[in-house]
Amino acid sequence: MADPLATLLTERLGCRLPVIQTAMGWIATPGLVIASSEAGAFGFLAGAVMQPAELEAAILAVKKGTKQPFGVNFHMFQPGAAEIVEIILKHRDQIRAVSFGRGPDATMIGRFKDAGILCVPTVGAVKHAQKMVQLGVDMVTVQGGEGGGHTGSVASTILLPQVLDAVKVPVIAAGGFDDGRGLAAALAYGAVGIAMGTRFLMTRESPIPDVTKARYVGAGTDDILVSTKVDGLPQRMIRNALLDRIERSSGLGIWRRAIESGLAMKRQTGASFGELFRAAKGMTSHGGLTLPQAMMAASAPMLIQKAVVEGDPDHGLMATGLVAGRLADLPSCAELLGGIERDARARLAALSFPASTGV
Ligand SMILES: Cc1cc2nc3c(=O)[nH]c(=O)nc-3n(C[C@H](O)[C@H](O)[C@H](O)COP(=O)(O)O)c2cc1C
């Protein structure tokens, strides 16, 4: 009998298991990508918050740490995007895929495809999946509303079959997945695998400081909420005093935080005001955001960085998927993926048992 875990995802991306470790700003660093891909998943490096030189150094670090193929996440509105595209193309010997939300047009997608790099965008709505397929992408990752970071309101159980019915390319299920049962369920829906962010954030190899990891471990589902005040788009976060303050803030407060975050982003990335403004403008044209919201969207990751890099979970923001509310451990990537493989195989075997015995 064919191996049920050998899917179009493992075949095309060249990994052992149909599991993707998604990109998460400042979290999907070389260490996590190496650990997840060595353990059998396909890892995406979080390039969307990196400058070109930093991204190239990170790509080289991954190449040094593993011979497995891996992916890079970026978006066309980030400072240095054109250079980043060239860097990704230059390393096409081991970069097998790119992921993005919005950005690359058909010409750019064509360039990646010509270089043998698969385009695997993440979408949160049926119409975005259809648009991406029209542009020529190879697969789509569908993120249900349970998912971490920016997220929609339609749950995976509804959105996944909707997208599966609407497009002809392979579909990867994301949003709320963390174990072998979820993988078996996603395959049963017709997906070619699962993509997980929060579960990989909560691993031993995830680079976030222990004090912040402890907040993720301690959070229950009631401690997690979706805020639209951080940057105007729904974003799922662990509740803390800062998020409560942001939730109560007025229009003026939003402008103040937009400017503060923009300045912090400028310091961090070395981007000019012009580049930041263009990044923000790019977002307004695609998402219907006001300029202060877009300034926040371009720079809100700085607040996340405070928690996940600086280890200050009281003064930073902790983006998360709802699934963190039921996770209370920090396995290694090898333990996590070993367990997912074992449990998925057990579930799939249990489901096919009646058929295989002729009952
Ligand atoms: C802390 C955090 C940071 C994220 N950063 C990014 C990012 O930089 N780029 C991106 O495309 N998606 C980002 N995401 C979304 C994830 O890549 C992924 O789609 C999502 O976490 C899947 O849902 P799950 O958390 O339920 O597994 C982030 C998610 C989290 C939790």
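This one's a predicted model, so the numbers in the text were calculated from it and none came from an experiment.

Student: Whenever I open this one, helix α3 (residues 52-65) confuses me. Can you help?
Tutor: Side chains of residues three or four places apart in an α-helix project in the same direction, reflecting 3.6 residues per turn. Given a rise of 1.5 Å per residue, 14 residues ought to cover 20 Å, and the 20 Å separating the end C-alpha atoms of α3 matches this to within 8%. Every buried residue belonging to α3 is among P52, L55, E56, A58, I59, V62 and K63, and all of these are buried. The arc that holds the buried residues of α3, viewed along the axis, is 160 degrees, so those residues lie on one side. Turned more than 90 degrees away from the buried face of α3 sit A53 and K64, all of them exposed. In the core, the buried residues of α3 are packed alongside α2 (30-38), β2 (42-46), β3 (70-73), α4 (81-90) and β4 (95-99).

Student: Can you walk me through the side chain of N240 in this structure?
Tutor: Relative to the elements of secondary structure, N240 occurs in the loop between β12 (235-238) and α11 (241-248). Reaching out from N240, the side chain makes a polar contact with the backbone oxygen of G316 at a distance of 2.8 Å. With sequence-adjacent residues up to four places away left out, N240 is seen in contact with P313, D314, G316, L317 and M318.

Student: Honestly, the site of the ligand in this entry has me stumped. Any pointers?
Tutor: Surveying the vicinity of the ligand reveals 19 residues, the closest of which are A23, Q143, G176, G197 and T198. Within the backbone of A23, an N or O atom sits 2.6 Å from an oxygen atom of the ligand. Protein chains shield 86% of the accessible area of the ligand, which is 600 Å² for the free molecule. Here the residues of the shell around the ligand are counted per class, giving six nonpolar, 13 polar and no charged.

Student: What is the right way to read the nonpolar core from this model?
Tutor: Note on soluble globular proteins: their nonpolar side chains tend to be buried together. Counting 88 residues, the largest nonpolar core has V19, L45, F112, V140 and F200 as its most contacted members. Looking at this core, you find at least three residues from each of domain 1 (8-209 + 327-351) and domain 2 (220-319). Core analysis: the second largest hydrophobic core is formed by 14 residues, L118, I172, A174 and A195 among them.

Student: How do you make sense of the sheet that holds strand β9 (residues 171-174) when you look at a structure like this?
Tutor: One key point about sheets: their strands pair by backbone hydrogen bonds, in either a parallel or an antiparallel sense. The strand order across the open sheet built from nine strands is β5-β4-β3-β2-β1-β10-β9-β7-β6, with neighbouring strands paired in parallel fashion. Single-partner strands in this sheet number two, and they are β5 (118-119) and β6 (122-123). Pairing of strand β7 (residues 140-143) with β9, which is carried by four bridges, proceeds in the parallel orientation. Across the sheet, T141 pairs through a bridge with I172, a residue of β9. Docked against the sheet, α3 engages β2, β3 and β4, running at close to 165 degrees with respect to β3.

Student: Could you clarify how one ought to interpret the environment of T320 in this entry?
Tutor: Relative to the assigned elements, T320 resides in the loop between β13 (318-319) and α16 (333-356). If sequence neighbours within four positions are ignored, T320 has contacts with G147, G148, G149, T198, Y216, I224, R236, M237 and I238.

Student: In this structure, what is going on with the packing of helix α6 (residues 126-135) against helix α7 (residues 156-166)? I would like to understand it.
Tutor: When two helices pack together, their arrangement is given by the angle between their axes and by how far apart the axes lie. Between α6 and α7, whose axes approach to 9 Å, the crossing angle comes to 35 degrees. For the pair α6 and α7, the sense of crossing is right-handed. Residues V126, A129 and Q130 of α6 touch α7, and the partners they reach there are L159, Q162, V163 and A166. A breakdown of the residues in the contact of α6 with α7 according to their chemical character gives five nonpolar, two polar and no charged.

Student: What should I look at first to understand the pattern of salt bridges in this one?
Tutor: Think of it this way: side chains of opposite charge can pair up when their charged atoms draw near. The tally for this structure, following the rule as stated, stands at 16 salt bridges. One salt bridge in this structure joins E341 and R16, with 2.9 Å as the shortest N-O distance. Of this pair, E341 sits in helix α16 while R16 sits in the loop between α1 (8-13) and β1 (19-21), and the two are 325 residues apart along the sequence. Given the relative accessible area of 17%, E341 is considered buried. A salt bridge links E56 to K90; the nearest nitrogen and oxygen atoms lie 2.7 Å apart.

Conventions and cut-offs
Residues numbered from 1 in each chain as written. Predicted model: local features only at pLDDT ≥ 70, side-chain atom pairs only at ≥ 80, totals over all residues. Heavy atoms only, no water. Helix = DSSP H or I, 4+ residues; strand = E, 2+ residues; numbered from the N terminus. Expected span 1.5 Å × (residues − 1). Buried < 20%, exposed > 50% of the residue type's maximum accessible area, 1.4 Å probe, protein only. Arc of directions from axis to C-beta. Contact = heavy atoms within 4.5 Å. Polar contact = N/O pair within 3.5 Å; in protein donor to acceptor, adjacent residues only side chain to side chain. Near = heavy atom within 4 Å. Areas by Shrake-Rupley, 256 points an atom, 1.4 Å probe, with all protein chains shown as cover. Nonpolar A, V, L, I, M, F, W, Y, C, P; charged D, E, K, R; others polar. Core = buried A, V, L, I, M, F, W, Y, C linked by side-chain atoms within 4.5 Å. Domains from an automatic or database assignment. Pairing = 2+ DSSP bridges. Axes fitted to C-alpha atoms, helices over the stretch in contact; angles between N-to-C directions. Left-handed = near helix turned anticlockwise from the far one by under 90°. Salt bridge = Lys/Arg side-chain N within 4 Å of Asp/Glu carboxyl O.

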